[in-house]
Amino acid sequence: MTEATDVIVVGAGFAGLYAVHRCASAGLSVTALEAAPDVGGTWYWNRYPGARCDVESVDYSYSFDEALQQNWTWTERFAGQPEILAYLRHVADRFDLRRHYRFGVDVVGAAFDRGRWRVRTGAGQTYAAQFLLCATGCLSAVNRPDICGIDDFAGDVYFTAAWPRQDPDLHGKRVGLIGTGSSGIQVAPIIATQAEKLVVFQRSANYSIPMPNRPWSLEEQQQIREEYPERRQISAYAPAGTPHSTYHKNAVDTEPQERAAALWQRWRQGGVLFGKTFPDQNIDLAANDIAREFAEERIREIVTDPVVATDLIPLDHPIGTKRICTDSGYYATFNRDNVRLVNLRREPIETITAHGVRTSDTTYPCDVLIFATGFDAMTGALTRIDPSGPGGERLRDIWANGPVTFLGLMVPGLPNLFTVSGPGSPSVLSNMVLHAEVQVDWAVNLVLTVRRLGVTEVEPRRDAARSWTDHVAQAAERTLFPKAASSWYLGANIEGKKRVFMPYTGGFGNYRRQCDEVARDNYAGLVLTTR
């Protein structure tokens, strides 16, 4: 028997929970599907030691409900995974959202047939709805690399992106950590204190900025509550969806002493904001070099072995053009006697054996392998569902040469389908929670509009989607971001994936204004059909 509602929401992270709440509050019947046994989305699965958000907790939270905002207390400046998951569970309880969910349900396909989306699950169930809202997350499809011999390994294997609910005991173990993106950089310092030996296998070095995390004092918590209205107002149309701004002068127009003071302030402030110290930092290579050289000096000050320090410094991208990482003692970890860095550019992996990792130079014995190899980002969670339209056109085919979207929200040929935080939107270049609220509100408002008009199907014109996609590409080309050839922003971490810069670099505020304009213009660019 097929269960039918007005809207199907896939996902139970920040975007999914808000979508369910927004739909239900608007009087729409909604069925929500989630592969995990509970809410949390990315923050359910990414529970590896050290997992922490790189946006301040008071901003990385919902703004839609003032009582929620005032009643919840964030304990730390940068919240860890357990606290973020607790917050999402609190939201689910507060707004009674679990009653709409079917947990433990893996969505494996979706097809639009006779005016309704029919969604298939791995267990053979089918759910139907007029509208499908995919809040599947841009960082949720686990990347499991195909490395020779991986199935022969006799020890334990873990993925940071799908960490076990019970932390494994790594004390006294020889651990191989493959991958040095955000999760690898966060987990390495903790594993190093437990393991007898930690070998970090690095293919591409990444820039990481210290995260000076600390508890919020009672006085600060009270001040945050008092200032929330102003903080949210500033963030609403800000470039990154947070109240922080760049320095008031371009780096190239600033005297060296003044530049250094601004960089030191951001370095000590910590987090991803260092990548946006100056307004010209991501558009002018000369300005970027100023910030890059400053960061590299700090790395060489921390790492005592100059050869290791050199290996830890990226050679393939301007600073900030790959997602800048944040850490708690990452570089200092390589000063420990029990930690070894292997530069895979110089010493590539040949195979994984039963008892370790063999490179072109030697074999590293391992009892445990941890893969911090990230995700098939931006598109992977959607292409794995691979929804098909009324004419049989599939998402994989539509996106074969790179994702094509309208406002990063809809796809031509797939009526009544909405994507949240996916390609063609600011997504990971902005505050993801505020971003999700904006996209969900736009989608639900469109649903309410077409239902009021008696319209049964809505999709973007192909020329409108192509125009937006070209605009996304042109915005990226005006920046330094495409110069990071190994970035997952381009899909470079996935073998065979088309290299296209996927996030919108025009800024969250500009993006939101364009969404507002389309809605005010009676949804120009969309085709509304009544059948």
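Please read all numbers here as calculations on a predicted model, not as lab measurements. Numbering of residues starts from 1 in every chain and runs along the sequence as written. Predicted model: local features are reported for residues with pLDDT of at least 70 only, side-chain atom pairs are reported and counted for 80 or more only, and whole-chain, interface and lining totals are derived from all residues. Values shown for side chains rest on all heavy atoms present in the structure; no hydrogens or waters enter the calculation.

Draft legend 1. Focus on the sheet that holds strand E7 (residues 156-159). Paired strands are those between which DSSP finds at least two bridges. Numbered from the N terminus, helices here are DSSP runs of H or I no shorter than four residues, and strands are runs of E no shorter than two. Strand order across the open sheet formed by five strands is E7-E16-E8-E9-E12, with parallel pairing between neighbours. In this open sheet, the two strands that pair with only one neighbour each are E7 and strand E12 (339-343). Neighbouring strand axes in the sheet, compared pairwise and without regard to direction, differ in orientation by 20° on average. Taken together, the five bridges between strand E8 (residues 174-178) and strand E9 (residues 197-202) define a ladder with parallel strand orientation. Bridge pairing links Ile178 to Phe201 in E9. Contacting E8, E9, E12 and strand E16 (368-371), helix H5 (residues 182-194) crosses the sheet at an angle of about 170° to E8. To get an axis, fit a line to the C-alpha atoms, keeping to the stretch in contact for a helix; angles then go from 0 to 180 degrees between the N-to-C directions. Pairs of residues are marked as contacts when any of their non-hydrogen atoms sit within 4.5 Å.

Draft legend 2. Structural view of the packing of helix H13 (residues 432-453) against helix H15 (residues 508-520). The interhelical angle for the contact between H13 and H15, taken along N-to-C directions, is 10°, at an axis separation of 11 Å. For the element pair H13 / H15, the angle class is roughly parallel. When H13 is examined against H15, the residues Leu434, His435, Val438, Gln439 and Trp442 are found in contact with a partner set consisting of Phe508, Tyr511, Arg512, Cys515, Val518 and Ala519. Residue composition of the contact of H13 with H15, by class: eight nonpolar, two polar and one charged. Small angles under 35 degrees read as roughly parallel and large ones over 145 as roughly antiparallel, with 65 to 115 read as roughly perpendicular and the rest as oblique. Under this grouping Gly is polar, as are all residues other than the nonpolar Ala, Val, Leu, Ile, Met, Phe, Trp, Tyr, Cys and Pro and the charged Asp, Glu, Lys and Arg.

Draft legend 3. Up close: helix H1 (residues 14-25). A helix's residues, less one, multiplied by 1.5 Å, set its expected span. With 12 residues, H1 ought to run about 16 Å at 1.5 Å a step, and its terminal C-alpha atoms sit 16 Å apart, in line with that. Here's how the labels work: a residue is buried when its accessible area is under 20% of the maximum for its type, exposed when over 50%, partly exposed in between, all with a 1.4 Å probe on protein chains only. With 10 of 12 residues buried, H1 is to be regarded as a mostly interior element. Here H1 has its buried residues at Phe14, Ala15, Gly16, Leu17, Tyr18, Ala19, Val20, His21, Arg22 and Cys23.

Draft legend 4. Looking closely at the sheet that holds strand E14 (residues 356-359). Ordered in space as E13-E14-E15, the three strands form an open sheet in which the pairing is antiparallel. The outermost strands of the open sheet, each flanked by one partner alone, are strand E13 (349-353) and strand E15 (363-365). Across the sheet, the mean angle separating the axes of adjacent strands is 20° when strand polarity is ignored. Of the strand pairs in this sheet, E14 and E15 are connected by three bridges, and their pairing is antiparallel. Its bridge partner lying in E15, Arg358 is registered against Thr363.

Draft legend 5. Summary view of the nonpolar core. The set of buried Ala, Val, Leu, Ile, Met, Phe, Trp, Tyr and Cys residues whose side-chain atoms join them within 4.5 Å is what this entry labels a nonpolar core. Residues Tyr62 and Trp442 are the most contacted members of the largest nonpolar core, which totals 88 residues. Looking at this core element by element, the count peaks at nine residues for H13. In this view, Trp442 contacts Leu407, Leu409, Met410, Phe418, Cys515, Val518, Ala519, Tyr523 and Leu526; residues no more than four positions away in its chain are not counted. In terms of nonpolar packing, the next biggest core, distinct from the first, is built from 46 residues, Leu170, Phe274, Phe334 and Ala372 among them.

Draft legend 6. Up close: the pattern of salt bridges. Salt bridges are counted wherever a side-chain nitrogen of Lys or Arg sits within 4 Å of a carboxyl oxygen of Asp or Glu. Taken as a whole and judged by the stated rule, the model has 30 salt bridges. One salt bridge connects Asp376 with Lys497, and the closest N-O pair in it is separated by 2.7 Å. Placement of the pair is Asp376 in the loop between E16 and helix H11 (380-385) and Lys497 in the loop between helix H14 (462-477) and H15, with a sequence separation of 121 residues. Across the pair, Lys497 and Asp376 agree in class, each one buried. Arg462 is paired through a salt bridge with Glu393; the nearest N and O atoms lie 2.8 Å apart. Of the two residues, Arg462 sits in helix H14 while Glu393 sits in the loop between H11 and helix H12 (395-398), which places them 69 residues apart along the sequence. A relative accessible area of 30% means that Glu393 is categorised as partly exposed. One connected set of salt bridges, linked through shared partners, spans Asp38, Arg89, Asp93 and Arg98.

Draft legend 7. Examining H5 more closely. Across the chain, bend at a residue is computed as the angle between axes fitted to the seven residues ending at that point and the seven starting from it. Along H5, the helix axis deviates most sharply at Ala188, where the bend reaches about 35°; the proline Pro189 sits within four residues downstream. Among all positions of H5, only Ser183, Gly184, Ile185, Gln186, Val187, Ala188, Pro189, Ile191 and Ala192 are buried.

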